[in-house]
Number of protein chains: 2
Amino acid sequence: MNIGEIARRAGVSRSTVSYALSGKRPVSEDTRRKIQRVIDELGYRPNASARALANGRTSTIGLVFPPAGNHYTGMQLDFIGSVAEAAAAYDYDVLLSPSGADSDRSFQRLLGERRVDGAILMEIRLEDDRVDHLAELDFPSVTIGRTARPGGVWWVGLDHTALVEACVHHLADLGHRRVAFVNRPEQLLRAGYESAHRGLDGFTKAAAERGLTVGMYNCGDDAASGQTCLERILHDDPATTALVTLNEAALGGLYRGLAKAGRHVPRDFSVTGVVAGRWAETVTPQLTAADVPAEEMGRLAVDLLVERLDNPHAPARHHLLAPPISLRASTGPVFGTS
Amino acid sequence: MNIGEIARRAGVSRSTVSYALSGKRPVSEDTRRKIQRVIDELGYRPNASARALANGRTSTIGLVFPPAGNHYTGMQLDFIGSVAEAAAAYDYDVLLSPSGADSDRSFQRLLGERRVDGAILMEIRLEDDRVDHLAELDFPSVTIGRTARPGGVWWVGLDHTALVEACVHHLADLGHRRVAFVNRPEQLLRAGYESAHRGLDGFTKAAAERGLTVGMYNCGDDAASGQTCLERILHDDPATTALVTLNEAALGGLYRGLAKAGRHVPRDFSVTGVVAGRWAETVTPQLTAADVPAEEMGRLAVDLLVERLDNPHAPARHHLLAPPISLRASTGPVFGTS
DNA sequence: ACCGGCTGTCGAACCGGTTCGCGTGAAGTG
DNA sequence: CACTTCACGCGAACCGGTTCGACAGCCGGT
């Protein structure tokens, strides 16, 4: 069931079959039909490896995400899903590559062995050797997130700084004066994860602007850590009346900690942050938050990558998203304020 | 940077380079070193497409999951993550294919174009044309979930029937007599999704055995639907004191509905079901549930597939998992019972 | 000195497509 | 009727690996 067999049965040469299929040269209506009939009968489909070898394109894009030995957050996984579907719409397949560094075996496979035409990188760090490496090679890629100096790189990112600032201003407007910040795990912050750093910057800046008293915390990506973290917050400053979080996975634990401490949300305590909309609606009361548009970001990343693949010399493009805060039910005025 | 270039620079033939790399024929220590040095200098890696074409293996496995136009549940996404990592450990890449039917373009690409050596299928239906098709072709594949007649198929599955039965018995033991069942959306039930059907069977059977009064509900995969569903349950039979759910995504909404109705969990109302452990620990009170071992299942599926690929004529194998119920905090005796 | 076997290497064929240059027969033109 | 033009199809080369058969050179044995 290869192209030679089709050619033989249709009584034409291999090249004619190829042209009939690709349309890159005219083929008479007559022979085209003859060929098509044989193909339909045998259910022939051209071998992807052979095609890739011949024309140098695999029609596959790589999706590089960090190996999670730990577990995945809902956001990461939403990206994967949306990238796969957006790519399918462009007739690209998606190859998963769990690699954190450019020296990973998995990463080397993608690039060195030319398994993919381009790549989408997730979980970007401010200084990211994978991104630098790809830029150096001029390898078509798009990052979800941006490094410290994203010039010349194609990316789609979230303006964590602005989003967290908006959260802080929202709380300050409601009268909150003592506010805690619940960040991702310290290990990720130290590794230089973009969202953790930019979010922290936004928090620091806005809190200073509004003259707030703050506490800053790193919190593990799970419910138990969230609960522990909340206990620490109230222990350090029992007068805290609100928190901002980037940590989706800890959210349930934070709520639990508040309930255990007898703080009613939003009457006694306000909670907000940057979280995927789906999760914000899961907790009770529903979370007032800047909703991470994970699906849109995945789609945009694919759009950009395809554009770059079609047009290798186009100048770098990017999308910086800053969705508005969705007012739900987890924030309110400080007790005693009107 | 191809094998010919390496050969030229090392002063040997292309076949010698190939043998030096694969070890399939002896090569003198001397020339091996010469070749290795050139390879290291140039950072050469053999082209995956060429290799796949020559030896007929792509070192890639396909992961087929339904296109989610709707959104993904936490479980599905956990599978994807764990499959990718387990595959990497075996030096396989994972190709994502969002397809629901064997006629999907995406599905045809995987098989017809020989992009993968084998496939793992998720979200199995009791009658599943994809599975039938693969079995007919004797294409190496493993399903996560099992069809109505899984003989001859390789699979790893969850014993939903037994798990839901265990949940019902747990509730009955606590004295509950009026129990509701919250299933996945009706659309999925009608499509024949395995978990929805087998779970329902288990519920029906166990409830009959214990002489319980039951209500059965289909519920959308999101928090809002969960809340609505709970309102319906209490409207239909206000004396209901417990529910069993398969619907992870609705869980937050069910809890919210209970809170709105003034039912305290677990004092006035018990909740249990089949849910990934991570989610069970997110809600407050933490859910007593049969924890879906999504990571383990993904890993086992890859193990089976690799075994099948290494050994094409081995008889079909499978793993049926039935994790015990984890007692947490969402169930308790009926009010008035001791 | 001759033969057999072993080791290490080479050349050629092959995997299944794509693409380029050329030939052929029919149609169009003066 | 000879001459260009064009549409159509063919063969060969190529993409970058793998693998098979052959063979050269060296060894030890008789």
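**Student:** Give me the lowdown on the pattern of salt bridges, citing residues and values where you can.
**Tutor:** According to the stated counting rule, one finds 58 salt bridges over all chains in the structure shown. Where B:D93 meets A:R109, a salt bridge forms, and the shortest distance between an N and an O atom there is 3.3 Å. Of this pair, B:D93 sits in strand 2 (residues 93–98) while A:R109 is found in helix 6 (residues 105–112), placing the two residues in two different chains. For A:R109, a relative accessible area of 9% corresponds to the buried category.

**Student:** Mind laying out the protein's contact with DNA strand D, listing which residues take part and the relevant values?
**Tutor:** Close contacts around DNA strand D come from 28 residues, with A:T16, A:T31, B:I3, B:Y19 and B:R25 the closest. When the atoms of DNA strand D within 4 Å of the protein are sorted by group, sugar and phosphate make up 49%. In this structure, A:S28 approaches DNA strand D through a main-chain N or O atom, which is 2.9 Å from a phosphate oxygen. Contact between DNA strand D and B:R25: a base oxygen at 2.4 Å from a side-chain N or O atom of the residue. Listing elements by their share of the surface near DNA strand D, those giving two or more residues are helix 2 (14–22) and helix 4 (48–55) of chain A together with helix 2 (14–22) and helix 4 (48–55) of chain B.

**Student:** Got a sec to walk through the sheet that holds strand 12 (residues 325–326) of chain B? Specific residues and values, please.
**Tutor:** Residues and elements named next belong to chain B. Spatial strand order, 7-6-8-9-10-12: six strands in an open sheet with mixed pairing. Pairing within the sheet leaves two strands with one partner each, and these edge strands are strand 7 (213–218) and strand 12. Pairing between strand 6 (residues 178–183) and strand 8 (residues 242–245): four bridges, direction parallel. Each bridged residue has a counterpart across the sheet, and for A180 the counterpart in strand 8 is L243.

**Student:** So, the relation of the copies chain B and chain A: which residues are in play, and what are the values?
**Tutor:** Once chain B is rotated about the relating axis by 180 degrees and shifted along it by 0.0 Å, it coincides with chain A to within an RMSD of 0.0 Å. The two molecules are tied by a two-fold rotation axis, judged by turn and shift. Interface residue correspondence from chain B to chain A reaches 100%, placing this contact among same-surface, isologous pairings.

**Student:** Tell me about the domain arrangement of chain A, and name the residues and values.
**Tutor:** All names here are of chain A. If you check the domain split of chain A, you get domain 1 (3–46), domain 2 (60–158 + 294–321) and domain 3 (160–292). Listed by partner, the interface residues are 17 residues for domain 2 and 17 residues for domain 3. Where domain 2 abuts domain 3, roughly 1500 Å² becomes buried across the two surfaces, and 52% of that area is made up of carbon and sulfur atoms. A per-residue breakdown of the area domain 2 buries against domain 3 is headed by R125, L126 and L158, which together make up 35% of the total. For the pair domain 2 and domain 3, the interface holds two salt bridges. Note that R146 and E194 form a salt bridge whose closest N and O atoms lie 3.5 Å from each other. For the interface between domain 2 and domain 3, the tally reads eight residue pairs in polar contact (both at pLDDT 80 or more). Looking at the side of domain 2 that touches domain 3, the elements that each hand over two or more residues are helix 5 (74–89) and helix 14 (294–310).

**Student:** Account for the nonpolar core, with residues named and values stated.
**Tutor:** Residues A:L96 and B:L96 are the most contacted members of the largest nonpolar core, which totals 100 residues. The residues contacting A:L96, other than those within four sequence positions of it, are A:L63, A:F65, A:I80, B:I80, B:A84, B:D93, B:V94 and B:L96. Among the nonpolar cores identified, the runner-up in size contains 48 residues, and A:V182, A:Y255, B:V283 and B:A289 belong to it.

**Student:** Could you give me a rundown of the interface of chain B and chain A, with the residues and numbers involved?
**Tutor:** In this complex, chain B contributes 48 residues to the contact, which on the side of chain A involves 48 residues. Taking both sides of the interface into account, the surface hidden between chain B and chain A amounts to around 4700 Å²; carbon and sulfur atoms contribute 51%. Joining chain B to chain A, the criterion identifies 10 salt bridges. A salt bridge links A:R105 to B:D91; its shortest N-O distance comes to 3.6 Å. Scanning the region where chain B abuts chain A turns up 21 residue pairs in polar contact (both at pLDDT 80 or more).

**Student:** Before we move on, could you go through the packing of helix 1 (residues 3–10) of chain B against helix 2 of chain B and cite the residues and values that matter?
**Tutor:** Residue and element names in this part refer to chain B. At their nearest, the axes of helix 1 and helix 2 sit 8 Å apart, and the two run at 100 degrees to each other. As far as their axial angle goes, helix 2 and helix 1 are roughly perpendicular. In this structure, helix 1 uses I3, G4, I6 and A7 to contact helix 2, whose residues at the interface are R14, V17 and S18. In the contact of helix 1 with helix 2, the residues fall into four nonpolar, two polar and one charged.

Definitions and cut-offs
Along each chain, numbering runs from 1 in the same order as the chain's sequence is written. Whichever chain is written first becomes A and whichever ligand is written first becomes 1, with later ones labelled in order. Local features in a predicted model are, by the rule used here, given only for residues with pLDDT of at least 70; side-chain atom pairs are given and counted only at 80 or more, and totals for whole chains, interfaces and linings are based on all residues. Heavy atoms from the whole structure form the basis of all side-chain values; hydrogens and water molecules are not counted. When a carboxyl oxygen of Asp or Glu is within 4 Å of a side-chain nitrogen of Lys or Arg, the pair counts as a salt bridge. Strands are runs of DSSP state E lasting at least two residues, helices are runs of H or I lasting at least four, and both sets are numbered from the N terminus onward. Only protein chains enter the calculation, and the probe is 1.4 Å; a residue is then buried if its accessible area is under 20% of its type maximum, exposed if over 50%, and partly exposed in between. The criterion for a residue being near a molecule or strand is simple. One of its heavy atoms has to lie within 4 Å of it. We define a polar contact as two N or O atoms separated by no more than 3.5 Å, with the added condition that, inside protein, one atom must be a possible hydrogen donor and the other a possible acceptor, whereas residues neighbouring each other in sequence contribute only through side-chain atom pairs. Whether two strands pair comes down to DSSP finding at least two bridges between them. When the copies are overlaid, the least-squares fit takes in C-alpha atoms only where the residue has pLDDT of at least 70 in both copies. Whether two residues are in contact is decided by their heavy atoms, any of which lying within 4.5 Å being enough. Residue ranges for the domains trace back to a domain assignment, done automatically or taken from a database. Once two parts are joined, some of their accessible surface, as seen by a 1.4 Å probe, is lost; buried area is that loss totalled over both. For our purposes a nonpolar core is just a set of buried Ala, Val, Leu, Ile, Met, Phe, Trp, Tyr and Cys residues, chained together by side-chain atoms within 4.5 Å. Axis angles are defined between N-to-C directions and span 0 to 180 degrees, where every axis is a line fitted to C-alpha atoms and, for a helix, only to the segment in contact. Relative orientations are named as follows: roughly parallel for angles under 35 degrees, roughly antiparallel for angles over 145 degrees, roughly perpendicular for angles from 65 to 115 degrees, and oblique for any other angle. For this scheme, ten residues count as nonpolar: Ala, Val, Leu, Ile, Met, Phe, Trp, Tyr, Cys and Pro. Four count as charged, namely Asp, Glu, Lys and Arg, and the remainder, Gly too, count as polar.

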